[in-house]
Amino acid sequence: MSSLKWWEHAVIYQIYPRSFQDSNSDGIGDLNGIISRLKYIADLGVDAIWISPFFMSPQHDFGYDVSNYCDINPEYGNLSDFDQLIEKTHELGLRLMIDIVPAHCSYLHPWFEESRKSKDNSKSDWFHWVDPKPDGCPPNNWLSFFGGPAWSWEPRRQQYYLHNFLPEQPNLNHANQEVQEELNNVARFWFDRGVDGFRLDAVHTINGDCEPYKDNLADPNFTLGPLPQDKQPFFRQLHDVAQLNQPVIQKFSEAYRRIADEYEGDRFLMGEVNGDEGNAMTVSKTFSEPGRLHATYNFDLLEWTGLSVSEIKGAIANAIEAFNGSGRLCFAFSNHDVPRSASRQLSPLGITLDKQDDLQLLLLQLETSLIGSSCIYQGEELGLSDVTNIQFGEMKDPWGLNFYPEFLGRDTCRTPMVWEKNKPMGGFTLANEAWLPISELHMEKAGLDMAKSEGSIYNKFSSFLKWRRKQPAMISSNKMSELSGGPSEIIFDRESETQILRCKFDFGLVKATFEEVTHGTS
Ligand code: BGC
C-alpha cells in the first residue's frame, strides 16, 4: 500500500542489549538473549529493531566507547551469534539497525594507543592533540558533557587530547582522511553482514579542522534552575560556534550516504544530532540535506523532566514546520539516556499514578502517529516506571556518579527487563545478580506475562500498531495538518490521497481517538 520507503514511517524498537535478556547466566544481556525474545518484539507489531552498541569495548560508557568496531564484546556473544540474530530478525519480517559511534572511540582502541605514544607515529594526528597554554592549562574553555574539561593530558606527548564525553572516549580527528576511510570500512563491514541501517551516535559531536580552537561562549540565557542539567557546567555554554556542529561533520554524512547508496534494499542512516537552544531544527535540516543522512533523531520530546501539553505541542509544531511531507525526522519519548517517559511525564501533564498505563499508551500512540519514523525504548510497551531507588554503591553510569546526588544519571532507565514474574530475577538471568538491580516495581509488568494479558499496554499498543499499518494516511504519506485542540488536547489530521485521519490525544481523559473524516469536514 505504501509508496514510502520503510524508514519513512517505521516504528523502531530500541534494545539496550546489556539489559534485555541474559542467555549465559552472567547477569548481562547478550545477543542470544535478544534472539530468544525476537518473537515478543515481532508480535508487538513494530517494523525494525535498533540495538545499542555491543562491539568490543571496556564499557566505561557501556559500549559507546568502542575498542574494535568490527567485533563483538565477548559479554554479548560473537559474530556468528550476530549472523544468527540478523537472519532470524529478517525471517520475522523485521529490519535490523545497529548503533555506530563515529565521533570518538575507546582510549583502548589500537588507533589511540598508537597515537598517544609520540608526536611522530603513524597515527599521530588521528585524534585532536594540542599544546598546553604557556601556563600549562588546556587550550580553551571546552567542557565535557559528563563533567570537567574536554581535555586530558598525555605526558608522553606533553599535549592535551580532546574528548567531548569521558577521558576514556577520545575524539577522532575527522579532518584526517585515513580516519574517514577506516570508518567507511566499518560501514561496509556491517552492511555486508546484512544490517538495514545505522543509528549514528552523537554525530553533532564529531570534530575535525578545529584550529584555532576558539572558546565557547557563555550562554546568556543560563539560569540556575530546578533541572538536573542546570547543575552541570557544560550547560552554561553555547557550543555551536566552536565545539559542536561544525561544517566538517557533513563530510562524514556525505561519505556514509555514498556507501549506503551502494547497497540494495534502502539502507537507512539516522543521525543523533542536537544543537544549542533553538538551533535543533536547523541542525537536523543541515544533516538531512540531499546526499547526507536520511533522517535525524530528534531530542525535543526527550526533555529530562518531561513536557507539558503546550510544550509537546510546541515541539511537534516546530518539527512539522521544518519537515512536513518528509520522513527525515525520527521521534522518541524515551531512550537509554533519559528517565522513562511513563514516570517523567506524569507530573508535567498533571496525571496521577493510577493513570500511568493510560498515559504510556497515549504517548506511544501520539509518537507513532506523527510523520516520519519513531523509536520506542524497551519497556515502554509495558509502561515501566523509572527506577530511582538504586543505591549509590550499585550505580554504574559514570555521568550519574559524577553528579550524584543532585543528578542520578541514566541507570534509572537501564535496569534489566523482567519477563516472567514467577521466575527468579524475573527471568532476565539465571545468575543471582544482574549488572544493575532488577526492580521489584517492574515485576508486575513482566514482558511475557503482559503479552499474555488481554488488556495490557503491550496488547493495546500491538493492536494499535497492526491497525496503523493499514491506514494509508499513516504509512503512504508523511503529511499532517497544523495542530489544534484545547489546553489539554493535541489534535491533528494525517493526510494521504485516499484518507484523512483525525488523531485526537486527550490528556484530560488520558485517551486517544482516531476518526476517518472526509475532505471539507472541520
Ligand atoms: C549516547 C549516549 C552516550 C553518548 C556518547 C549518546 O548520545 O546515546 O548513551 O553516552 O552518545 O557516546
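Note that this is a predicted model, so its numbers are computed, not measured.

**Student:** So what about the overall build of the chain? Which residues, and what values?
**Tutor:** Tallying secondary structure elements over the chain gives 15 helices and 19 strands in all. Its C-alpha radius of gyration of 23 Å places the chain within 12% of the 24 Å reference for a compact globule of 522 residues. Dimensions of the chain, computed from C-alpha atoms along their principal axes, come out at roughly 70 × 55 × 50 Å. Looking at the chain residue by residue over its 522 residues, the buried ones come to 62%. Nonlocal contacts in the chain, meaning residues at least 24 apart in sequence, comprise 69% of its contacts between residues at least 6 apart. Split by element, the accessible area of the chain, about 19900 Å² in all, is 50% carbon and sulfur.

**Student:** Could you give an account of the side chain of Gln59, naming the residues involved and the relevant values?
**Tutor:** In this structure, Gln59 sits in the loop between β3 (55-56) and β4 (68-72). Apart from the residues lying within four places of it in its own chain, the contact partners of Gln59 are Arg18, Asp65, Asn73, Glu75 and Tyr76.

**Student:** I'd like to hear about the packing of aromatic side chains, residue by residue, with values.
**Tutor:** Evaluation of the coordinates by the stated rule reveals 46 aromatic pairs. Their ring planes at 35 degrees and their centres at 6.5 Å tell us that Tyr16 and Trp435 sit as a pair that is tilted. Residue Tyr16 is found in the loop between β1 (11-15) and α1 (31-36), and its partner Trp435 is found in the loop between α11 (398-403) and α12 (440-443); the two are separated by 419 residues along the sequence. Of the residues examined, Tyr16 reaches a relative accessible area of 2% and is grouped as buried. Among the aromatic residues, those joined into a cluster by ring pairs are Phe145, Phe146, Phe165, Phe234, Phe235, Trp304, Trp399, Phe403 and Phe407. The positively charged end of Arg199 is found above the aromatic ring belonging to Tyr297, 5.9 Å away from the centroid.

**Student:** Residues and numbers for the environment of Glu264, please.
**Tutor:** Secondary-structure assignment places Glu264 in the loop between α6 (249-262) and β12 (268-272). Taking the C-alpha atoms as reference points, Glu264 and Asp81, 183 residues apart in sequence, are found 24 Å from one another.

**Student:** Can you break down the pairing of strand β14 (residues 329-332) residue by residue, with the values?
**Tutor:** Burial along β14 is two-sided: Leu329 and Phe331 facing one way and Cys330 and Ala332 facing the other are all buried. Pairing between strand β13 (residues 295-297) and β14: two bridges, direction parallel. Within β14, the residue paired with Tyr297 across the bridge is Cys330. Pairing geometry for β14 and strand β15 (residues 373-377), over three bridges, is parallel. Residue pairing across strands places Cys330 opposite Ser373, the latter belonging to β15.

**Student:** I'd like to hear about the domain arrangement of the chain, residue by residue, with values.
**Tutor:** Entries for the chain in the domain assignment read domain 1 (6-103 + 176-468) and domain 2 (477-516). Domain 1 and domain 2 are separated by 26 Å when their C-alpha centres are compared. Contacts between the two partners involve 26 residues from domain 1, matched on the other side by 22 residues from domain 2. Of the roughly 1900 Å² buried at the junction of domain 1 and domain 2 (both faces included), carbon and sulfur atoms supply 73%. By the criterion of area lost to domain 2, the three top residues of domain 1 are Val309, Lys313 and Leu362, representing 30% of everything that side buries. Viewed at the interface, domain 2 and domain 1 are joined by nine residue pairs in polar contact (both at pLDDT 80 or more).

**Student:** Any chance you could break down the sheet that holds strand β18 (residues 500-506) for me, citing the residues and the numbers?
**Tutor:** Taken in spatial order, the four strands line up as β16-β17-β18-β19 in an open sheet, and their pairing is antiparallel. Edge strands, defined here as strands with exactly one partner in the open sheet, are β16 (479-480) and β19 (511-517). Pairing geometry for β18 and β19, over seven bridges, is antiparallel. Residue pairing for β19: Phe505 is matched across the bridge by Ala512.

Rules and cut-offs
- Residues numbered from 1 in each chain as written.
- Predicted model: local features only at pLDDT ≥ 70, side-chain atom pairs only at ≥ 80, totals over all residues.
- Heavy atoms only, no water.
- Helix = DSSP H or I, 4+ residues; strand = E, 2+ residues; numbered from the N terminus.
- Rg over C-alpha atoms; globule rule 2.2 N^0.38 Å.
- Buried < 20%, exposed > 50% of the residue type's maximum accessible area, 1.4 Å probe, protein only.
- Contact = heavy atoms within 4.5 Å.
- Areas by Shrake-Rupley, 256 points an atom, 1.4 Å probe, with all protein chains shown as cover.
- Phe/Tyr/Trp six-rings, centres within 6.5 Å; stacked < 30°, edge-to-face > 60°.
- Lys NZ or Arg CZ within 6 Å of the ring centre and 35° of its normal.
- Pairing = 2+ DSSP bridges.
- Domains from an automatic or database assignment.
- Buried area = accessible area lost by both parts, 1.4 Å probe.
- Polar contact = N/O pair within 3.5 Å; in protein donor to acceptor, adjacent residues only side chain to side chain.

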